[in-house]
Amino acid sequence: MKVKKKLFGGFWILLLVVILAACSGDSEADGNDKESDDSDSNSDEQVTLTYARGVDTTGATEVLAEAFEKEHPNIKIEFQEMPSDSGEQHDQYVTAFSAKSAEIDVFDADVIWPAEFAQADYALDLDRFIEADDIDMDAYFEGTVKAGNFKGKQWAMPKFTDAGVLFYRTDIVDDPPETWDELIEQADELKGEKDTEFGYLMQASQYEGLITNAVEYIGAYGGAVLDEDENVVVDSPETVKAIEKMQEIVGSDFVPSNILNFTEIETESAFIEGNAVFARNWPYLQASSNDEDKSKVAGNVGFTTLPAGDDGSASALGGWMSMINRYSEHPEEAWEFVKFMTGPEGQKITAVDGGSAPTLVDLYDDEEVQDAGVTFSEPDFVEVLENAIPRPVSPIYPEISDIMQIELSKALTGDITAEEAAGNMQTKIEDAMED
Amino acid sequence: MKKRRFQLNEKQLGYAFVLPSLLLVFVVILWPVAQSFWNSMFDYRLNDPTRSEKMMDANIDLETYVDNYFFIESQLDALADTAVGDQDKQTIHEIEDGIEKHHSELISDKQVKEKVDKVDKLLMRYKPVNNTDLKYQKVDNDFAADYRKALSSYEQDLVAIAESSGDKDAQADFQQTADLLGSTNEAILKSNFIGFDNYKKYFKDKRMWQSLGNTTFFTVISVFFELVLGLLVALLINRTFKGRGLIRASVLIPWAVPTAVAAMMWGFLYDGQSGIVAHYLDVLKIIPGSSWLLSTGDGGLFSIILADVWKTTPYMALLILAGLQTIPGSLYEASDVDGANKFQQFFNITLPLLKSSILVALLFRTLDAFRVFDLIYVLTGGGPANSTESISVYAYKTMFAQQNFGEGSTLSVIVFLCVALISFIYVKLIGSELFAGRTK
């Protein structure tokens, strides 16, 4: 009897708590009610902008900020360092922006974020600025501009770009493979030469990098995840074939036995240790593998476009964009900085001091830029960048990525077949888009 | 004699003294739980402006609405000029009238009109509307449904005209206005209160059951090994020997290392190419191959459990050691006199007297293990093939990576319910042992 009474008491308390919580549910966001009437931008006024980006070990950010401050003496740039991991950066930004924080004015966004940030109202749309300043968007690589476009508006300016390429050892390979089948053949055959242990390295751990790899296979075999009207089209014979090719490579004995833990970091260290003949990675590996201080294969590394499937070669678009916080108190000054950073002058600094590939096509003709990166003077590389394919553009990209990571990882461990993986992705992504 | 105006009796005074702690319990413990529970009843997503607030009734997102309304009129006027054929013109005029009618009904409320003007003023100066009260206006459910219906039928009308039009420019113009009406439609928000739908969804979600299964498996196995090893360690360091202080201190080191750091360290030790633990386990034929540890689901679970056992055995040992020290030495002396051997002493004296300490230690560890997050998040991230995902990792991914606070809160509440159930069972067990006859 006593117990029953106690239980009832507990129930009433809980009910009371729930009701109280219900009544005050909406009152949290009211604190930041700032209707500052006095900040009408005046060009002589001293303004400090906060610019956030991931850890920059090259020092290009400081050079960039100095050059900008020289041109705009009334604007000061304060640099806020974010974690180097893109996923962690994402989570920090969304936490800050969903609280409507005005702390960060300008920030760098991974190419997969703009749609989500635009939908969530975290970003300022840039169309008015682009029109007022007459920016020629055709001067940029088409894929990078598209990645910053959502629902017909431009939300992000391309800052630098990246695309997956195939690295190989020039001292072992005479004729780099043209197709995935040739790659499989050569990797199997050449494994073991010059003390190499593995034929091929890729990124197959369950994380975002797996998606970039998969998008390349799917693109090469003529499949897609979403079509242009945001319909899910992943369950197709082409995708199944692409996943089967991935399974074949992951299951072969010319890749490391723990390939399912490989990210870019493992790929880089195994390749520069001289353990592998071929590796799929981003262009930065060209610089680090030719750095004699840390690389055992310096001078023996070449790169080319990724192998082709039935539908040609495809490489995944990477890189970063610059965006403005919707709640920034100095949108006009922020735009000045974004314009400078993503314009020819700023991109040149990012290329020369930071070693990142420009998104402006014409910059590849600039001599200083050509000298800055070994890859920048190669017409092959520019072609890869021009044809890079974006990952699915959707405001629910994080969810799509999560679904694909799980299903692809299951297919690669052999838990499910390629058909099942494609089918599961289709139904699960469809469900996620509907809800 | 002075008459006291006000006096609490003993009972009331007692309550007055514990009131601060009761309030603290309420604020710190019950409040967050209730808040999570309340969140879990909504389709609440921070990155979707149509669902980024918890709404019991229909609302209008005034910021988007006012911004769009500003363009609708001028665009429709322009369309009326370019439209060929009386029928199209007629349709456009009907649309204009329809929207005007709804709009004037909306601003017929004086308060709403004031808000609309205020938002308009802010937008004219490109300022965001930060104030939630200003941004969202509660409206009548029927009115909202009516307005939405009207807008979507207008949108379809315009799309139909766009499709029938031969001129490309005109087509683009009609399509643009249709999109504008569509986005205005989305600014009129429905209530996103969905009751227990999230729970129904997760009840049928295989991934939830799998992660719950993983968590349970991890909890049972790791706590079992921690208990056995912890007991052995505690018995060892309870004896007197040279250097006991040093051993006692060093046993605690794993417990003192931050979990994320320990997980990184184990990540290197388990590495399939260069990890030393992986290498020796392979040489000793304990595991099928050095890359088995992190590249397979079973291996992943094994790795996580091993790392956790290494890390929390000292904690278990410490709690049990505290229990051992309360056992009076005279009991052992007496049993020596009676001729009991060491095993009899252990099973008849040590274990029974340790029972309550062990139960308390188990309670702490089980609850802790059930909420495991950092170790798994850093070591495997839930992979490969999602076979090591714990329910807390799943909740984190849903809540923070996908910004889905409604579903994420549902998962947190499920964790809370499981933890509450575990505590309930333990407290029943301990209660009968520990508190029997001592509470009074």
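So, here is what we can say about the structure in this document. (Residues numbered from 1 in each chain as written. Chains lettered and ligands numbered in written order. Predicted model: local features only at pLDDT ≥ 70, side-chain atom pairs only at ≥ 80, totals over all residues. Heavy atoms only, no water.)

1. A closer look at the sheet that holds strand β2 (residues 136–138) of chain B
Residues and elements named next belong to chain B.
- Taken in spatial order, the three strands make up an open sheet running β2-β1-β3, and their pairing is antiparallel. Two strands close off the open sheet at either side, each with one partner strand: β2 and β3 (188–189).
- Pairing of strand β1 (residues 59–61) with β3 involves two bridges; the strand directions are antiparallel. By the bridge assignment for β3, Asn59 is matched with Leu189.
- Lying on the sheet, helix α2 (residues 62–82) is in contact with β1 and β2; it crosses β1 at an angle near 60°. (Pairing = 2+ DSSP bridges. Helix = DSSP H or I, 4+ residues; strand = E, 2+ residues; numbered from the N terminus. Contact = heavy atoms within 4.5 Å. Axes fitted to C-alpha atoms, helices over the stretch in contact; angles between N-to-C directions.)

2. Some words on the nonpolar core
Residue and element names in this part refer to chain A.
- Counting 138 residues, the largest nonpolar core has Tyr93, Phe107, Phe117, Trp180, Tyr200, Ile249 and Phe278 as its most contacted members.
- Shared between two domains, this core takes at least three residues from each, and those domains are domain 1 (47–162 + 318–387) and domain 2 (165–315 + 396–434).
- Contacts of Tyr200, omitting those with residues within four sequence positions, involve Leu166, Trp180, Leu183, Ala187, Tyr217, Ile249, Phe254, Val255, Pro256, Phe278, Ala279 and Arg280. (Core = buried A, V, L, I, M, F, W, Y, C linked by side-chain atoms within 4.5 Å. Buried < 20%, exposed > 50% of the residue type's maximum accessible area, 1.4 Å probe, protein only. Domains from an automatic or database assignment.)

3. Structural notes on the pattern of salt bridges
All names here are of chain B.
- Scanning the entire structure with this criterion turns up 33 salt bridges over all chains.
- For Glu407, the salt bridge is made with Arg45, and the minimal N-O distance between the two is 3.9 Å. Taken together, the residues Glu407 in helix α20 (residues 405–435) and Arg45 in the loop between α1 (10–39) and β1 connect sequence positions 362 residues apart.
- In this structure Glu407 comes out as buried when scored by relative accessible area, which is 5%.
- Judged by its relative accessible area of 5%, Arg45 is buried.
- Notably, a salt bridge pairs Glu389 with Arg207, separated by 2.9 Å at the nearest N-O pair. Taken as a pair, Glu389 in the loop between α18 (374–379) and α19 (391–401) and Arg207 in helix α9 (residues 206–238) lie far apart in primary sequence, 182 residues in all.
- Judged by relative accessible area, Arg207 falls into the buried class, the value being 16%.
- Each of the salt bridges in this network shares a partner with another, and the network as a whole consists of Asp43, Arg45, Asp48, Arg51, Lys201 and Glu407. (Salt bridge = Lys/Arg side-chain N within 4 Å of Asp/Glu carboxyl O.)

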